[in-house]
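Listed here are the chains, written in short residue letters.
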Amino acid sequence: MPASPFACLLFGRAEFHESEEYLAFQFKLLAIVLVSGALFTALFLLGEFSRINPLSGSPHLYSMSAFTAAALILWGLLRGHKERFLWIAWSYECACLLEYVSALAFVPQDELRVLWFFTNIPGVYILLGQRAGAAITTLSVVGLAFGNASLSAPYSPNGLATLIVALVYQGVFFHIYGNRSLSYFARMRASHEKLHHMATHDTLTGVMNARAYYSACEQMILLGRRHGTPFSVLFVDLDHFKSVNDMHGHAAGDAVLKAVAGALRTSIRTSDALGRVGGEEFSIFLPDTDLLGALQLAETIRRGIEQLMPVIESGPLRISASIGVAECSDRGQSMQEIQRQADAAMYAAKQQGRNRVSTLSPQKSVVEPAGAIAL
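Reading the values: the criteria
- Residues numbered from 1 in each chain as written.
- Predicted model: local features only at pLDDT ≥ 70, side-chain atom pairs only at ≥ 80, totals over all residues.
- Heavy atoms only, no water.
- Helix = DSSP H or I, 4+ residues; strand = E, 2+ residues; numbered from the N terminus.
- Buried < 20%, exposed > 50% of the residue type's maximum accessible area, 1.4 Å probe, protein only.
- Phe/Tyr/Trp six-rings, centres within 6.5 Å; stacked < 30°, edge-to-face > 60°.
- Lys NZ or Arg CZ within 6 Å of the ring centre and 35° of its normal.
- Salt bridge = Lys/Arg side-chain N within 4 Å of Asp/Glu carboxyl O.
- Expected span 1.5 Å × (residues − 1).
- Arc of directions from axis to C-beta.
- Contact = heavy atoms within 4.5 Å.

A. Structural context of unusual backbone geometry. The backbone phi angle of Asp288 is positive, close to 55°, even though this residue is not glycine. Its location among the elements puts Asp288 in the loop between strand S4 (281-287) and helix H11 (291-306). Overall, the relative accessible area of 53% leaves Asp288 in the exposed class. Despite not being glycine, Arg354 shows a phi value in the positive range, around 65°. Tracing the backbone through its elements, the reader meets Arg354 in the loop between helix H12 (335-351) and strand S8 (357-359).

Structure follows, in structure tokens:
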């Protein structure tokens, strides 16, 4: 769903990966805090100019003006740049502490100015984490305890004791709450990832299921067209797999499929996509790979499967696979069309005796391993 114009204005066009959900929350919260901090401080300045809340002659006026400008500058630097989040959050926290100390020192007529230290602590725990929250809480407590005597209108011993106890209580509360919240968030994230994996991967072999595989392929095709790079598809079908189930049982068939899936995973790059698209059928999408590269990889895979010899109850079992190869020859081709070409090439390999690599794509300068590749 596209962001609204207001959201683009406030946050910029920062993009977050699905795994950065909490960072996205912190980023947006910081942007809101920066803008609201500047606006509310500007209201105090307006109160001075309108004489509703006069601070005549107080150096704190300069502090508030500087704080307002700093908050707006930091917001401008943050918009659209998630990588700047941490140092901007710390910069704003330092500016806040200076602003609160300035109010404490130069606005003695405001007895409630100490409340800003209380409002600060929750934001630190949320934006900067538990260690930072504990450090700022400790700094606030120590600063008030030893700095109170230097104030022009210091708090009474009873009032100071109440302030310090309340600050410690709030810090402990948010430390425990933050710890439990982050723990809950981590469990929810792990549960979501587990459910997502179950929904997108084949439970037996661990590779992508057909739906997730074809969806990933369509995305990679769009990326390949954008960059003008070639891409190819391998269609791998195990030979005589039905006889494995009939002669040795389905447990043996499952063991073969797991072994083959493992061999396929170790043969491809992390940028490639591998899916189980049928009972004994696997498909491999190879971005940035032309026909020659795809044929060479297919032959490597064919030999690897031939040498695999998975161990079943009756002993090692020799297996083989027929592999069809197709390269995208038309930039308008869909994944289904390319897959059909690879499927047809695989059937050609079956008809030519199985345990071989075949392609129906236009011939190129291909070095053929002896007896392995059929064009």
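B. Structural detail: the packing of aromatic side chains. This structure, assessed with the given rule, holds 10 aromatic pairs. Ring centres 6.3 Å apart and planes at 0° place the aromatic pair Phe173 and Tyr177 in the stacked group. Remark: Tyr177 and Phe173 occur in helix H7 (residues 157-200); sequence separation between them is four residues, near one turn of the helix. Above the plane of the ring of Phe11 lies Lys28, whose end atom (NZ or CZ) is 5.8 Å from the centre.

C. The pattern of salt bridges, seen in detail. In total, this model carries nine salt bridges according to the counting rule given. Arg269 is the partner of Asp272 in a salt bridge, and the nearest nitrogen-oxygen pair spans 2.7 Å. The buried category is assigned to Asp272, whose relative accessible area is 10%. Arg269 gets classed as partly exposed once you look at its relative accessible area, which sits at 37%. A cluster of three or more residues bridged by salt bridges with shared partners is formed by Glu299, Arg302, Arg303 and Glu306.

D. Molecular detail of helix H3 (residues 60-78). Between its first and last C-alpha, H3 extends 26 Å over 19 residues, near the 27 Å set by a 1.5 Å rise per residue. Those residues of H3 not exposed but buried are His60, Leu61, Ser63, Met64, Phe67, Thr68, Ala71, Leu74, Trp75 and Leu78. Down the axis of H3, the buried set is contained in an arc of 160°. They therefore lie on one face. Looking at H3, the residues exposed on the side facing more than 90 degrees away from the buried face are Tyr62 and Ile73. Structurally, H3 contributes buried residues whose contacts are with helix H1 (5-11), helix H2 (21-49) and helix H4 (85-106). Just beyond H3, the residue with positive phi is Gly80, at close to 80°.

On their own, these measurements won't tell you what the molecule is for.
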